[in-house]
Amino acid sequence: MRIWLSAYRVEVVLFLVSFVVLASFSSQRFLRQSAAPHFIYQAQSWLEGRLDVDPEVLPNLEDWACVRVVGGEKVRCEGQQLPSDRWYVSFPSFPALVMLPFVALHGYQFNDTSFGVIIGALAVALFFSLLRFLARDGESARSQSENIGLSLILAFGTLFFYCAIRGEVWFSAEVMGVALTCLYLRNAVQAHRPVLAGIFFSMATLTRTPLLFAGLFFVLEALCPGPDRLGQLRALGTNWKPAARKLGLFALGAAPLAFLAAAYNVYRFGKPGEFGHAFLYNNRVNADIDRYGLFDFSYLQRNLEAAFLKLPQVSLNPLQLTYDPHGLSLLLTLPLLVFLVYPRARPRLHWPLWLTVAICALPGLFYQNTGYMQFGFRFSLDYTPYLLLLFAIGGWSLRNRFVLAAVVLGVLVNFWGAVAFRGYTEYVRNW
């Protein structure tokens, strides 16, 4: 234990500091279960030997999937509820699997808010571990103190801050997705641990489905790690076995959870790739889903506005500063973004990271929901670790006065989000 603590003392300190700060900002929430504990109810249902959720014990009807069989087909429940209706969590289920042993001890009363704070603090430590690994392998020129600073920026200078202190199904999945992304990347760089990369990739995808597209990073690392990427791609015609072996091992690691999730989705919703949002019960988004589907070009404008154009709202009488619950510009919630446009260095990982950011951002931009209610465009948290890695390798000094100004702005804005944000459950119940 002493040897382990000596080797990972920075990670341990970062975990403890992040835990204390996040728990403090979580305030009274930290002491009680959140108002949207969907994953707890899913885990308890499994423990009771059922794959659906008991509708008699649901704490609310917000973002639950309801399935009704009509003429042999599974359709969304409409109108009056029927005894034959089946209710499910309308989100990927891996967080419920992680909570399973704790729910076995505490049942429906398990506190998902404090659990989310612990996962958030762990994610910060894992991000530092990833940065340290990249520096050790020559992928990053950052010092240990700079890597500590970047980890604290993730914790308190991005939307991660307010998501990590709330619990609730929407935000806890985002935070766990960040932690699993760090573990995936740690094993995917240079495709050096393909099986482990595949395992963590499947965990991340089954926490936040847009992270499915992050698999592109491993594919690029396996096929053309650089620097002569085009030459490596041409050489695959005659020397394809090493890359095929890595991709095969990656698929082998990802397959078990992927198969179970697909089978579970077929049982619940009739399709291997359906996680339940097409079956949301009595939800405001159903009209759009019925007309355009879950993803459509018609949603692009409002998602771009939520991600980049929404600004704080100032009222003079009375003096008040408010935010739009549909989103807030990333230029305010992640000001370091501007330095990614003009990096001072473009090392080996520059293009793989940028391509991964681009493809991971697409689902959120064409999705039927902006993420409402939220502080900032919370779907960007799926690729925030990649953006911070781009800054880490981009050559800008953290001591640059413009960089420092951006960091301070990001911390202030996200501090505001942590103390001011009121979610849907609080808005509806005045809780």
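Residues numbered from 1 in each chain as written. Predicted model: local features only at pLDDT ≥ 70, side-chain atom pairs only at ≥ 80, totals over all residues. Heavy atoms only, no water.

Caption draft 1: The arrangement of the state of the cysteines in detail. By the definition in use, this model includes one disulfide. The side chain of C66 participates in a disulfide bridge whose partner is C77; the two sulfur atoms lie 2.1 Å from each other. As the torsion about the S-S bond is roughly -75 degrees, the C66-C77 disulfide counts as left-handed. Residue C66 is found in strand β1 (residues 64-70), and its partner C77 is found in the loop between β2 (73-76) and β3 (86-89); the two are separated by 11 residues along the sequence. Summarising the burial analysis for this pair, C66 and C77 share the class buried. Here C163 is not disulfide-linked; the sulfur of C182 is the nearest cysteine sulfur, at 15 Å. With no disulfide partner, C224 has as its closest neighbouring cysteine sulfur the one in C360, 17 Å distant. For C224, a relative accessible area of 5% corresponds to the buried category. (Disulfide = S-S within 2.5 Å. Helix = DSSP H or I, 4+ residues; strand = E, 2+ residues; numbered from the N terminus. Buried < 20%, exposed > 50% of the residue type's maximum accessible area, 1.4 Å probe, protein only.)

Caption draft 2: Representation of the pairing of strand β5 (residues 319-322). Pairing geometry for strand β4 (residues 313-316) and β5, over four bridges, is antiparallel. Pairing of V314 across the sheet is with L321, part of β5. The hairpin turn running from β4 into β5, its antiparallel successor, is two residues long. (Pairing = 2+ DSSP bridges.)

Caption draft 3: Layout of the packing of aromatic side chains. Summed over all chains, the structure comprises 35 aromatic pairs. Ring geometry for F110 against F115: centres 5.6 Å apart, planes inclined by 65 degrees, an arrangement best described as edge-to-face. On the numbers, 6.5 Å between centres and 50 degrees between planes, the contact of Y184 with F250 is tilted. Here Y184 is found in helix α8 (residues 169-188), whereas its partner F250 is found in helix α12 (residues 241-269), with 66 residues between them in sequence. Its relative accessible area of 9% is what places F250 among the buried residues. A network of ring pairs unites the aromatic residues Y162, W170, F171, Y323, F375, W416 and F421 as a single cluster. It is R268 that lies over the ring of Y264; its NZ or CZ is 4.0 Å from the centre. Sitting over the ring of W396, R344 keeps its end group 4.0 Å from the ring centre. (Phe/Tyr/Trp six-rings, centres within 6.5 Å; stacked < 30°, edge-to-face > 60°. Lys NZ or Arg CZ within 6 Å of the ring centre and 35° of its normal.)

Caption draft 4: Spatial organisation of helix α4 (residues 94-106). When the terminal C-alpha atoms of α4 are compared, their 19 Å separation across 13 residues agrees well with the 18 Å that a helix rising 1.5 Å per residue should span. Taken residue by residue, α4 has F94, P95, A96, M99 and V103 as its buried positions. In this structure, the buried side of α4 is in contact with α3 (38-47), α5 (112-136), α8, α9 (194-205) and α12. (Expected span 1.5 Å × (residues − 1). Contact = heavy atoms within 4.5 Å.)

Caption draft 5: A look at the pattern of salt bridges. Going through the model one piece at a time under the given rule, you end up with 16 salt bridges. Of the charged contacts in the structure, one is a salt bridge between D52 and R50, with a shortest N-O distance of 3.0 Å. Residue class for R50 comes out partly exposed when judged on its relative accessible area of 27%. Between D137 and R136 there is a salt bridge, with its nearest N and O atoms 3.4 Å apart. You can call D137 partly exposed: its relative accessible area is 33%. One network of salt bridges, with partners in common, ties together E174, R208, R378 and D382. (Salt bridge = Lys/Arg side-chain N within 4 Å of Asp/Glu carboxyl O.)

Caption draft 6: A look at the environment of E274. By secondary structure assignment, the location of E274 is in the loop between α12 and α13 (286-292). Apart from the residues within four sequence positions on either side, E274 is in contact with N265, F269 and F279. Here the side chain of E274 touches G276 through a polar contact of 2.7 Å, landing on its backbone nitrogen. For E274, the side chain forms a polar contact with the main-chain nitrogen of H277, separated by 3.2 Å. (Polar contact = N/O pair within 3.5 Å; in protein donor to acceptor, adjacent residues only side chain to side chain.)

Caption draft 7: A look at the sheet that holds β2. An order of β2-β1-β3 is seen for the three strands of this open sheet, with the pairing classed as antiparallel. Both outer strands of the open sheet, β2 and β3, are each paired with one neighbouring strand and no more. Taken pair by pair, the neighbouring strands of this sheet meet at an average axis angle of 40 degrees, ignoring direction. The pairing of β1 with β3 spans four bridges and is antiparallel. Counted as the bridge partner of V67 is R86 from β3. (Axes fitted to C-alpha atoms, helices over the stretch in contact; angles between N-to-C directions.)

Caption draft 8: Quick look at the packing of α5 against helix α18 (residues 384-393). Axis separation between α5 and α18 bottoms out at 12 Å; the angle between their running directions is 35 degrees. The two elements α5 and α18 meet at a crossing, and its hand is right-handed. Note on element contacts: α18 touches α5 through P385, L388, L389 and A392, opposite F127, L130, L131 and L134. (Left-handed = near helix turned anticlockwise from the far one by under 90°.)

Caption draft 9: Seen up close, the nonpolar core. Ranked by size, the top nonpolar core spans 114 residues in total, and within it F160, Y184, L336, F375 and F391 carry the most contacts. Among the elements that take part in this core, α8 stands out by supplying 13 residues, more than any other. Contact partners of L336, with chain neighbours within four places excluded, come to I153, L388, F391, V403, A406 and V407. The next biggest cluster of nonpolar side chains, apart from the first, holds five residues, and it includes A65, V67, Y88 and F269. (Core = buried A, V, L, I, M, F, W, Y, C linked by side-chain atoms within 4.5 Å.)

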